[in-house]
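Each chain, written out:
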Amino acid sequence: MNPLTKKLLTLGTSAIIAVTGGYMISPWEGMENHAYKDIVGVASICFGETKGVKMGDYRTDKQCEESLSKELTVYNKAMMKHVKVELKPYEEVAYTSFVWNLGETNFKNSTLLKKLNQGDHEGACKELLNWNQAGGKVVKGLTNRRIQENKVCLGKDQQVNEALEALERTKTPLETSEKEKEGGE
C-alpha cells in the first residue's frame, strides 16, 4: 500500500477515500505546497485544490494531507447522493476521482451518471474516457487519467484492487457494524 494511502488512513478516512487519494489523485495531481496555476490558469495548491486558493498561498505537507482527506470526503458524498445503484468499491474510487477532478455539476449532468443509474455499469465506465479536455482542447494527461479511471472503474487495476482487498481484510468487527448501522453492506 502506498505511503499517502497509509497517511490518509491515520487521519480516519475510509478505505475508499484513502485509496482514491493515494492511487488516483496524488499520481495525477502531485503535491505542491505553494499555490500554482493549473493548466487552465486556476490558482491551485496541494493536490489540485482550488477552493479559496490565492497565488502566494502556502500549506505544509500535513495541511495538504488533512485537506485532501476532508475534501475527498466531501466530493465522495456529493457523488454518492446522485448514484441510485450499488457501486463496487473500485467503481466508487473511480467516480470519486472523477468528481474531484471535474466537479459535482459535471457529474450530475453527465451521460455517465444516466447510464450508471440505468444499471449500465460498463457503459458508465466507458463514458469516463470522454472527459479528456481542458480549455476546449484534448489534453494527453487527462486522456491518460481517464484511461486509468476507466480501468479502475472496470475493476481491472491490480494495485487499486489489492489495496481495497487489503483494507477490507483489516476491517475490525466494529468498523463493519458501524457501516451496517449507516445502512451500508
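In this text, all values refer to a predicted model and were calculated from it rather than measured experimentally.

Calculation rules
- Residues numbered from 1 in each chain as written.
- Predicted model: local features only at pLDDT ≥ 70, side-chain atom pairs only at ≥ 80, totals over all residues.
- Heavy atoms only, no water.
- Helix = DSSP H or I, 4+ residues; strand = E, 2+ residues; numbered from the N terminus.
- Rg over C-alpha atoms; globule rule 2.2 N^0.38 Å.
- Buried < 20%, exposed > 50% of the residue type's maximum accessible area, 1.4 Å probe, protein only.
- Polar contact = N/O pair within 3.5 Å; in protein donor to acceptor, adjacent residues only side chain to side chain.
- Contact = heavy atoms within 4.5 Å.
- Pairing = 2+ DSSP bridges.
- Phe/Tyr/Trp six-rings, centres within 6.5 Å; stacked < 30°, edge-to-face > 60°.
- Axes fitted to C-alpha atoms, helices over the stretch in contact; angles between N-to-C directions.
- Parallel < 35°, antiparallel > 145°, perpendicular 65-115°, else oblique.
- Left-handed = near helix turned anticlockwise from the far one by under 90°.
- Disulfide = S-S within 2.5 Å.

### With respect to the overall build of the protein chain
Of the regular secondary structure elements, the protein chain holds 10 helices and 4 strands. The N-to-C order of helical and strand elements in the protein chain reads α-α-β-β-α-α-α-α-α-β-β-α-α-α. Against the 2.2 N^0.38 benchmark of 16 Å for 185 residues, the protein chain shows a C-alpha radius of gyration of 16 Å, consistent with a compact globule. Seen through its principal axes, the protein chain has C-alpha atoms that stretch 45 × 35 × 25 Å. Taking all 185 residues of the protein chain together, the buried fraction comes to 42%.

### Describing the side chain of T13
Following the sequence through the fold, T13 ends up in the loop between α1 (3-10) and α2 (15-29). Separated by 2.8 Å, the side chain of T13 and the backbone oxygen of L8 make a polar contact. Beyond its immediate sequence surroundings of up to four residues, T13 is in contact with L8, A18 and S69.

### Notes on the side chain of S110
Mapped onto the elements of the fold, S110 is located in the loop between α5 (104-108) and α6 (111-117). There is a polar contact of 3.0 Å between the side chain of S110 and the backbone nitrogen of L113.

### Considering the pairing of strand β2 (residues 43-46)
As paired elements, strand β1 (residues 32-37) and β2 share 3 bridges and run antiparallel to each other. Bridging from a neighbouring strand, E32 pairs with C46 of β2.

### Digging into unusual backbone geometry
Phi is positive for C46, which is not a glycine, with a value near 60 degrees. Assignment of secondary structure puts C46 in strand β2.

### Some details on the packing of aromatic side chains
Counted according to the given criterion, the structure contains 4 aromatic pairs. Where F98 meets W131, the ring centres are 5.5 Å apart and the plane angle is 85 degrees; that geometry is what we call edge-to-face. With F98 in helix α4 (residues 89-102) and W131 in the loop between α7 (121-127) and β3 (133-134), this residue pair connects regions lying 33 residues apart in the sequence. With relative accessibility at 23%, the residue W131 sits in the partly exposed group. Every member of this aromatic cluster is reached through a ring pair, and the members are Y95, F98, F107 and W131.

### A word on the packing of α2 against helix α9 (residues 158-169)
Helix packing geometry: the angle between the two helix axes and the distance between the axes. Relative orientation of the contacting elements α2 and α9 amounts to 150 degrees, with a least axis distance of 10 Å. Here α2 lies roughly antiparallel to α9, going by the angle between them. Two packed elements cross with a definite hand, and for α2 against α9 that hand is right-handed. When α2 is examined against α9, the residues A15, I16, V19, Y23 and M24 are found in contact with a partner set consisting of Q159, V160, A163, L164 and L167.

### Side note on the state of the cysteines
Think of a disulfide as a covalent bridge from one cysteine sulfur atom to another cysteine sulfur atom. Taken as a whole and judged by the stated rule, the model has 2 disulfides. Each sulfur of the disulfide joining C46 and C64 lies 2.1 Å from the other. The chirality of the disulfide connecting C46 with C64 is left-handed, given an S-S dihedral of about -70 degrees. Note that C46 is positioned in strand β2 and C64 in helix α3 (residues 61-80), a separation of 18 residues in sequence. This pair shows no difference in class: C46 is buried, exactly as C64 is. Note on cysteine connectivity: C125 is disulfide-linked to C153, with sulfurs 2.0 Å apart. On the sign convention where negative is left-handed, the bridge of C125 and C153, at about -70 degrees about the S-S bond, is left-handed. Here C125 is found in helix α7, whereas its partner C153 is found in helix α8 (residues 140-153), with 28 residues between them in sequence. Accessibility assignment for this pair places C125 and C153 in one class, buried.

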